[in-house]
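So the chains spell out like this:
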2 protein chains.
Amino acid sequence: MIGQMMDFQLTINSVMRHGRSLYGNQEIVSVTSDNPLHRYTFEEAFGRVCQVAGVLADMGLNAGDRVGTLAWNDYRHFEIYYAVSCSELVTHTINPRLFPEQLDFVVNHAEDRVIFVDPTLLPALEAIKDKLTKVERIIVMTSEEHMPDSSLALECYETLLAGRPTEFTFPEFDEKTASSLCYTSGTTGDPKGVLYSHRSTVLHAMGGAVPSVFGLTTDDIILPIVPMFHVNAWAIPYAAVMSGTKLVFPGPKMGDGAAIADLINAEKVTVSAGVPTVWLAMLNHLRETKQTVETLTRIIVGGAACPQAIMEEMEQAHGVYVHHAWGMTEMSPLGTFNTIKPELSDLPADEKMAYRLKQGLPPYGVELDVFDEEGNAQPHDGTSFGSLRVRGPWIASGYFKLDKEIIDENGYMDTGDVAVIDEHGYMQITDRAKDVIKTGGEWISSIDLENAAIGHPGVAEACVIGIHHPKWDERPLMLVIAAGEQPSKEELNAYMSDKVAKWWLPDDIIFVQELPHTATGKLDKKVLRTQYKGYKLPTA
Amino acid sequence: MIGQMMDFQLTINSVMRHGRSLYGNQEIVSVTSDNPLHRYTFEEAFGRVCQVAGVLADMGLNAGDRVGTLAWNDYRHFEIYYAVSCSELVTHTINPRLFPEQLDFVVNHAEDRVIFVDPTLLPALEAIKDKLTKVERIIVMTSEEHMPDSSLALECYETLLAGRPTEFTFPEFDEKTASSLCYTSGTTGDPKGVLYSHRSTVLHAMGGAVPSVFGLTTDDIILPIVPMFHVNAWAIPYAAVMSGTKLVFPGPKMGDGAAIADLINAEKVTVSAGVPTVWLAMLNHLRETKQTVETLTRIIVGGAACPQAIMEEMEQAHGVYVHHAWGMTEMSPLGTFNTIKPELSDLPADEKMAYRLKQGLPPYGVELDVFDEEGNAQPHDGTSFGSLRVRGPWIASGYFKLDKEIIDENGYMDTGDVAVIDEHGYMQITDRAKDVIKTGGEWISSIDLENAAIGHPGVAEACVIGIHHPKWDERPLMLVIAAGEQPSKEELNAYMSDKVAKWWLPDDIIFVQELPHTATGKLDKKVLRTQYKGYKLPTA
C-alpha cells in the first residue's frame, strides 16, 4: 500500500526557492579574477540566477544538454550551478588541473554545448581549441571591461545578463533528473563521468547538513576551499543555501595561505573545508606572521588523509577543531565524517587522536562495510581488512555513457579501497585494493608498511609492492630512496618490527635513486609492478 | 536525462540499519506501566524489533495491513513502531484521549487486525469491545506476571517475543510504501486518517535533524514528551536513531511535572519537546520544590501557542531556551520552527520576544505562503492576512479511504488557518479560517480580538464571531463572561482601542453567563454562530 503524501520532488530548484524566500538577506562574498571582494545577498544571487537561466533559455538547448564550467569558487560559478541545473540542463564542472588531453577528452565526452570560463582559465581552453568541435558558445565569466583577448570567439557573461528579468519560470521535472556531471581524475585510463541527479544532490546536502557533519546554521559563515570544479565543493553551495549560511568564496586564491587567513579574519568565517595542503599553507603563514584565525571554530579536511601535525597545530595554536572526512567522486563525495562518539570522549588525548585520524563514521544515507574476496562481511574489530563497499542515495550506479555495471547484487559499489572498521564503527582506509599484498590468504597494507619505514631518519621515500611468491602467492618488496646515510636492510627491518606484524616485514629491500610518480604526485606502483615482475625474492 | 545514481530507498528500515550498526551502544531509557525505569541499548532494542517482526510474520498479515497501538512513550512502543513499518505493515497509532465513539470509529475505519495495548489503556478497549469486529488479536505490552484480568482474549507481548531470533530479514519495498497512520482529532466530523509513507517519514526526520530544528547529536539526550500515539512524537523516535541520540521515554508520566523533572535530572536530558501544559506542570513543580533542571538546554514547544510567561520562566529561572514550533497531523507534523535569524539577534529582548512568539520559519522541505480568496499570494509584511497553504515531501495529499482532493493546482494544501508572514519569513497563525471575520474585503482575527478583551480585569472569557451585515458582509460580535464587576461596552471598547485597529472593534458586546466549548476545551463557535444567526447588530 502506498502512503498518501505529496509527490514533492527533491530538486535543486526547491533548495533555491527555500534559500531565496527565507534567507534573502544572507550574504555571499567572493574573491574573483576581476574583483578583490565582491559582496551581495542570496536575493541578488538568485535574481541573477534567473538572468542566467534567461540566457540559457535563449540558446535553444535541450533538456539534459551539458553546460561546462571551467571556473574557481565564486559567485558567478554559484549562479551557473543553480541556473543550469534548475533549467533541466546538466552542469559539467571541468577540473582545470586536468592535462590538456584529459581536458579535451572530458569536454568532448560530455558533449558540452556551452562552456562558461573564468578569464584566468581561458588559456586551458585555447590550448585545445582545435579539439572543441562540439562547443558552440564560450562565455567568459567577467564584465565587458575585463574581457580578455583571444583567438576564440567569446561572449561576455555580464553583457549577456544585463537588463534581463530577475524572475524566471523554471521547468518542473522528476527528482531523478540529472543535475551535474563530474569526471573522476583516476590515475589510469580515461576519466569517468559521474552523473549526479537532483535527488542525490538534495539528499547529499541534507545528509551533510546534520550536526554530526557540517552542522550549518544561520549563524555560521562557511568558506569552501574545496573546489566547485570538483564534486560540487562537497555540496556546500547547496547545504549553505538550505541552511541560510553566509558563503565566502576564495576564487583563484584557494592555495594562498595568506589570502585564506585574511579572508577568514575579514569575513569572520566560522567553518571551512579543504585538502591538507591548503591548511599547511595557512598554518605556515600564521606561524610566520604570528597571526591567528579568531572566528574559525572547525574545519573539515578531506581529499587526502590529514596529517596529525595539522590537527594538533590547528587545535593547539588556533583553537580550531579538525574533522577528518572521506569521500569519492562516485559518492557526491560524502562517505564518512569524523566526530568523536560519547563513549570515546573520556579517552586520553593520544588514544582519541588514533580515532580522529581514521576516516570516520558514515552519516545516515551512507551504508558501508568491508568484505573478503568471497563476499563475506568482515568483523568490525579494527584489524580485519576487507574491500570497502558502499551504498546509498547519493552514490553512483554507473558512469556517464559507459556500459559498465558497478553495483553488486546487494546494491553495493566497490570503492577499490581496502579498509578496516573498528568496534565503534570508525572506518579507516588501509590501502588501494590493487596495491594491497595478498599473502597466504591474508592482506598486508602497502601504505602501512611504507609509513612504518618512512619514520626512519635514513628513509626519504618508500614504496611497497607485491611480488609473486611460489608458496605465499605474494610477498612484499620494499623500494627505498635513502636520506643521508643509507641504513642496512637489517636495521630497517628491526626499526619496522615494532610497528607492524612480523609477517608483514618485506622479504627484500632495494635501495633506488628514484621512484616513479603519477601526474597527481602519487607513487606509480603499476610501473614498478611491471619493472619488478619476475623479481626473485630471497625467500622464494 | 536521468542521473546515474543508486536507486536507494528512503525507508525506516535504512534508519534502523544505520542506528543499529553505528550507535549500538547508545541507550534508550523508559518509564513503563510495569517498570519504573527500564534501560537498554539500541542494539538490544533492534534485536527485540526483530523478535516483534518474527511475531508479526507468524500472524499471516498481508503487506499494508494496519496494526494498532494504544500505548505511551516507551521502549515497547518504539519496538512496535520499527517492527511493524519495517515489515511493510502500517503502524496505526491510536490516541487514547479519543472519546469511545471516536476510538471505535478509528479502529474500524483503519481495519486494524492486531492491536498492541498498554495494560493501563486496556479499559479503553474493553469499553468498545462489542465494536471490535475486525480486530483478530490483542497483545498486551507487558510480561506474563503483569498480565491484567480482562473479558477480552489477550496475548502477552513478552511471552510472544521470548526465545525468538534477534535477527530478521525484512522485506524490501518502495519508499512510497505506507508506514504509519494517524487520525486527526478534528473538532467536527469523523477523524480523518493521514497515511504517512516511509519516504515522508525519513525526509521529515532528516529535515528535523538539522541544526536549525532539533539539531540532535550523539551527545544530546532527548526526552520526547510529545506522544508517540500522535504524529509519531514529532519524528523523534526516528531522528534520534538517525543521529545516535540517547532517548528517554516518560511512559505514562507525560503530564506529571515532578516525574518529568526527576527524569530530566536523573538521565541528564539536554533537549525535550512537549505541549505548553507539560511545561506549566514542570515549572510549578520546580518552583514549589526550589529545584532546577541543570542539564536541559532547550525545549521545543508546540501543539498550542506557547505563552510568553513559560518562555521567560524557563529561560530566566532555568537557563532553558524555548523554541516555538508549529505543525499539523497532515504535516507529519513539522511545519515551522522558531529560531532567531542573525539579522534579529541584536534586537532588544522584548522585540526579539515578539518574533519568538510567532510560529517560526519553515525548514527546508516545507514551502508555505498566504493567499487571499482569489488565490493571490499576499505580501510578507507581517500584517497581510491570508489562507495558509503548505506543500512539501512530508505533507499529506489526501486522507485514508476518503475520496477527497486536498491539493490545489500548485500542489499546496490549505491548512484551514489564516496567517501572516513577516518580512523576515516568520509565520504567525492569526485565526482558523472558518472563524475569521470577513468585513468589507478585509479580515479580522477573532483570536486577536478575544486576546485584546481578555486583558481587561472585568473579562473572564471572550468569544468573537462574525454576524451578517448588509453593508460590510460580516461584522464582529463579542460575547463576554464578566469577571467581578461587569464593565460597560464603552469601557471595554475604549480598553481595546489601542490594541487593535479601530475598524476591528466589535459592533456589539453581549454579556453572557456561559460559553459553549468543544470536548477538547476550545470555544465552540459553530454553536454560537447558529445561536446568533440573524442577530441584528446596532450598526446594521
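The preceding data block contains the structure.
All values reported here derive from a predicted model rather than from experimental measurement.

**Let's talk about the overall build of chain A**
No. 1: Tallying secondary structure elements over chain A gives 15 helices and 24 strands in all.
No. 2: Computed over C-alpha atoms, the radius of gyration of chain A comes to 24 Å, within 12% of the 24 Å expected from 2.2 N^0.38 for 540 residues, which places it in the range of a compact globule.
No. 3: The principal-axis extents of the C-alpha atoms in chain A amount to approximately 75 × 60 × 50 Å.
No. 4: Expressed as a percentage of the 540 residues in chain A, the buried residues total 61%.
No. 5: Pairs at least 24 residues apart make up 66% of the contacts formed inside chain A by residues separated by at least 6 positions.

**Description of the sheet that holds strand E6 (residues 137-140) of chain B**
Residue and element names in this part refer to chain B.
No. 1: Taken in spatial order, the 7 strands line up as E7-E6-E5-E3-E4-E8-E9 in an open sheet, and their pairing is mixed. Both edges of this open sheet fall to strand E7 (154-156) and strand E9 (193-197), since each of them pairs with a single strand only. Taken pair by pair, the neighbouring strands of this sheet meet at an average axis angle of 25°, ignoring direction.
No. 2: Sheet analysis places strand E5 (residues 114-117) next to E6, joined by 4 bridges and oriented parallel.

**Remarks on the packing of aromatic side chains**
When we look at a pair of aromatic rings, we describe it by the centre distance and by the angle of the planes.
No. 1: Taken as a whole and assessed by the stated rule, the structure comprises 34 aromatic pairs over all chains.
No. 2: When the ring of tryptophan 503 of chain A is compared with that of tryptophan 504 of chain A, the centres are 6.2 Å apart and the planes differ by 75°; the resulting orientation is edge-to-face.
No. 3: Classification of tryptophan 503 of chain A as partly exposed rests on a relative accessible area of 39%.
No. 4: If you follow arginine 356 of chain B out to its NZ or CZ, it ends over the ring of tyrosine 321 of chain B, 4.2 Å from the centre.
No. 5: Taking NZ or CZ as reference, arginine 389 of chain B lies 4.8 Å from the ring centre of phenylalanine 371 of chain B, over its face.

**What to know about the pairing of strand E4 (residues 90-93) of chain A**
All names here are of chain A.
No. 1: Residues Val90 and His92 line one face of E4 and the alternating positions Thr91 and Thr93 line the opposite face, and both faces are buried.
No. 2: The sheet contact formed by strand E3 (residues 66-70) and E4 spans 4 bridges and is parallel. Each bridged residue has a counterpart across the sheet, and for valine 67 the counterpart in E4 is threonine 91.
No. 3: As paired strands, E4 and strand E8 (residues 178-183) are joined by 3 bridges and run parallel to one another. Bridge assignment links histidine 92 to a residue of E8, and that residue is leucine 181.

**Comments concerning the sheet that holds strand E14 (residues 321-327) of chain B**
Residue and element names in this part refer to chain B.
No. 1: Taken in spatial order, the 8 strands line up as E2-E1-E11-E10-E12-E13-E14-E15 in an open sheet, and their pairing is mixed. Pairing within the sheet leaves two strands with one partner each, and these edge strands are strand E2 (35-41) and strand E15 (334-337). Strand-to-strand twist across the sheet, computed as the mean angle between neighbouring axes with direction ignored, equals 20°.
No. 2: As paired elements, strand E1 (residues 27-32) and strand E11 (residues 246-249) share 3 bridges and run parallel to each other. Bridging from a neighbouring strand, serine 30 pairs with phenylalanine 249 of E11.

**A look at the interface of chain A and chain B**
No. 1: Contact with chain A, which involves 73 residues of that partner, is made by 73 residues of chain B.
No. 2: Buried surface at the junction of chain A and chain B, summed over both partners, amounts to about 5700 Å²; 62% is from carbon and sulfur atoms.
No. 3: Of all residues in chain A, Met1, Met6 and Tyr364 of chain A give up the largest surface area on contact with chain B, accounting jointly for 18% of the area buried on that side.
No. 4: Counting across the chain A and chain B interface gives 6 salt bridges.
No. 5: At the junction of chain A with chain B, the criterion picks out 30 residue pairs in polar contact (both at pLDDT 80 or more).
No. 6: Broken down by element, the side of chain A that touches chain B gets its largest block of residues, 7 residues, from helix H7 (residues 198-209) of chain A.
No. 7: Among the residues forming the side of chain A that touches chain B, the class breakdown is 38 nonpolar, 22 polar and 13 charged.

**With respect to the relation of the copies chain A and chain B**
The second copy of the chain is related to the first by a rotation about an axis and a shift along the axis.
No. 1: Mapping chain A onto chain B leaves a residual RMSD of 0.1 Å; the transformation is a rotation of 180° accompanied by 0.0 Å of translation along its axis. Taken together, the rotation and translation describe the operation of a two-fold axis. Closest approach to the rotation axis among the C-alpha atoms of chain A is made by valine 210 of chain A, whose C-alpha sits 2.3 Å away.
No. 2: Interface overlap between copies is the fraction of interface residues in one copy that are interface residues in the other; for chain A against chain B it reaches 100%, indicating a shared surface.

**Some details on the packing of helix H1 (residues 12-22) of chain B against helix H3 (residues 75-86) of chain B**
The packing of two helices is summarised by the inter-axis angle and the distance between the axes.
Residues and elements named next belong to chain B.
No. 1: The N-to-C vectors of H1 and H3 enclose an angle of 130°; their axes lie 9 Å apart at closest approach. By the angle between their axes, H1 is oblique relative to H3. Considering only the axes of H1 and H3, their crossing is left-handed. Side by side, H1 and H3 meet where Ile12, Asn13, Val15 and Met16 of the first sit next to Tyr82, Ser85 and Cys86 of the second.
No. 2: In terms of residue class, the contact of H1 with H3 is built from 5 nonpolar, 2 polar and no charged.

**Things to note about the packing of helix H9 (residues 257-267) of chain B against helix H10 (residues 276-289) of chain B**
Residue and element names in this part refer to chain B.
No. 1: For the pair H9 and H10, interaxial distance at closest approach is 7 Å and the crossing angle is 80°. In terms of orientation, H9 lies roughly perpendicular with respect to H10. Residues Gly257, Ala258, Ile260, Ala261, Asp262 and Ile264 of H9 form the contact with H10, whose participating residues are Ala281, Met282, His285 and Leu286.
No. 2: Class assignment for the residues of the contact of H9 with H10 results in 7 nonpolar, 2 polar and 1 charged.

**Here's the deal with unusual backbone geometry**
No. 1: The residue after serine 332 of chain A, namely proline 333 of chain A, is reached through a cis peptide bond having omega 15°.
No. 2: Following the sequence through the fold, proline 333 of chain A ends up in the loop between strand E14 (321-327) and strand E15 (334-337).
No. 3: Phi is positive for aspartate 473 of chain B, which is not a glycine, with a value near 80°.
No. 4: Mapped onto the secondary structure, aspartate 473 of chain B falls in strand E23 (residues 473-482).
No. 5: Look at aspartate 473 of chain B and you get partly exposed, because its relative accessible area is 45%.

**Considerations on the environment of methionine 147 of chain A**
No. 1: Along the polypeptide, methionine 147 of chain A turns up in the loop between strand E6 (137-140) and strand E7 (154-156).
No. 2: Not counting residues within four places of it along the chain, the set of residues in contact with methionine 147 of chain A comprises Val140, Thr142, Leu154, Glu155 and Cys156 of chain A.

**Focus on the pattern of salt bridges**
Residue and element names in this part refer to chain A.
No. 1: If you walk through the whole model with that rule in mind, you get 68 salt bridges over all chains.
No. 2: In this structure, arginine 113 and glutamate 136 form a salt bridge, with 2.7 Å as the shortest nitrogen-oxygen distance. Linking arginine 113 in the loop between helix H4 (100-110) and strand E5 (114-117) with glutamate 136 in the loop between helix H5 (122-126) and E6, this pair joins segments that are 23 residues apart in sequence.
No. 3: A relative accessible area of 19% places arginine 113 in the buried class.
No. 4: One salt bridge in this structure joins arginine 432 and aspartate 417, with 2.9 Å as the shortest N-O distance.

**What about the state of the cysteines?**
Residue and element names in this part refer to chain A.
No. 1: Summed over all chains, the structure comprises 0 disulfides over all chains.
No. 2: Its sulfur unpaired, cysteine 156 is 20 Å from the next cysteine sulfur, which belongs to cysteine 50.
No. 3: We classify cysteine 156 as buried; its relative accessible area is 6%.

**Here's the deal with the nonpolar core**
Nonpolar side chains in soluble globular proteins generally cluster together in the buried interior.
No. 1: Of all hydrophobic cores here, the largest spans 192 residues; its most connected members are Tyr82 of chain A together with Tyr82 of chain B.
No. 2: Once you skip the residues sitting within four places of it in the chain, tyrosine 82 of chain B turns out to touch Ile12, Val15, Met16, Phe46, Val49, Pro237, Tyr238 and Val241 of chain B.

**Things to note about the pairing of E23 of chain B**
Residues and elements named next belong to chain B.
No. 1: Of all 10 residues making up E23, 7 are buried, and the element is well covered by its neighbours.
No. 2: One ladder, built from 10 bridges, connects strand E22 (residues 459-469) with E23; its direction is antiparallel. When the bridges of E23 are listed, glycine 466 appears paired with proline 476.
No. 3: Here E22 folds back onto E23 in antiparallel fashion, the turn holding 3 residues.
No. 4: Where E23 lies against strand E24 (residues 508-511), 4 bridges are found, and the strand directions are parallel.

**Points about the side chain of asparagine 232 of chain A**
Residues and elements named next belong to chain A.
No. 1: Relative to the assigned elements, asparagine 232 resides in the loop between strand E10 (221-224) and helix H8 (236-243).
No. 2: Using a relative accessible area of 5% as the deciding quantity, one classes asparagine 232 as buried.
No. 3: A polar contact is formed between the side chain of asparagine 232 and the side chain of serine 180, at a distance of 3.2 Å.
No. 4: In this structure, asparagine 232 is in contact with Tyr81, Thr93, Ser180, Tyr196, Pro227, Pro237 and Tyr238, ignoring residues within four places of it in sequence.

Conventions adopted
- Residues numbered from 1 in each chain as written.
- Chains lettered and ligands numbered in written order.
- Predicted model: local features only at pLDDT ≥ 70, side-chain atom pairs only at ≥ 80, totals over all residues.
- Heavy atoms only, no water.
- Helix = DSSP H or I, 4+ residues; strand = E, 2+ residues; numbered from the N terminus.
- Rg over C-alpha atoms; globule rule 2.2 N^0.38 Å.
- Buried < 20%, exposed > 50% of the residue type's maximum accessible area, 1.4 Å probe, protein only.
- Contact = heavy atoms within 4.5 Å.
- Pairing = 2+ DSSP bridges.
- Axes fitted to C-alpha atoms, helices over the stretch in contact; angles between N-to-C directions.
- Phe/Tyr/Trp six-rings, centres within 6.5 Å; stacked < 30°, edge-to-face > 60°.
- Lys NZ or Arg CZ within 6 Å of the ring centre and 35° of its normal.
- Buried area = accessible area lost by both parts, 1.4 Å probe.
- Salt bridge = Lys/Arg side-chain N within 4 Å of Asp/Glu carboxyl O.
- Polar contact = N/O pair within 3.5 Å; in protein donor to acceptor, adjacent residues only side chain to side chain.
- Nonpolar A, V, L, I, M, F, W, Y, C, P; charged D, E, K, R; others polar.
- Least-squares fit on C-alpha atoms with pLDDT ≥ 70 in both.
- Parallel < 35°, antiparallel > 145°, perpendicular 65-115°, else oblique.
- Left-handed = near helix turned anticlockwise from the far one by under 90°.
- Disulfide = S-S within 2.5 Å.
- Core = buried A, V, L, I, M, F, W, Y, C linked by side-chain atoms within 4.5 Å.

Structural measurements only, silent on function.
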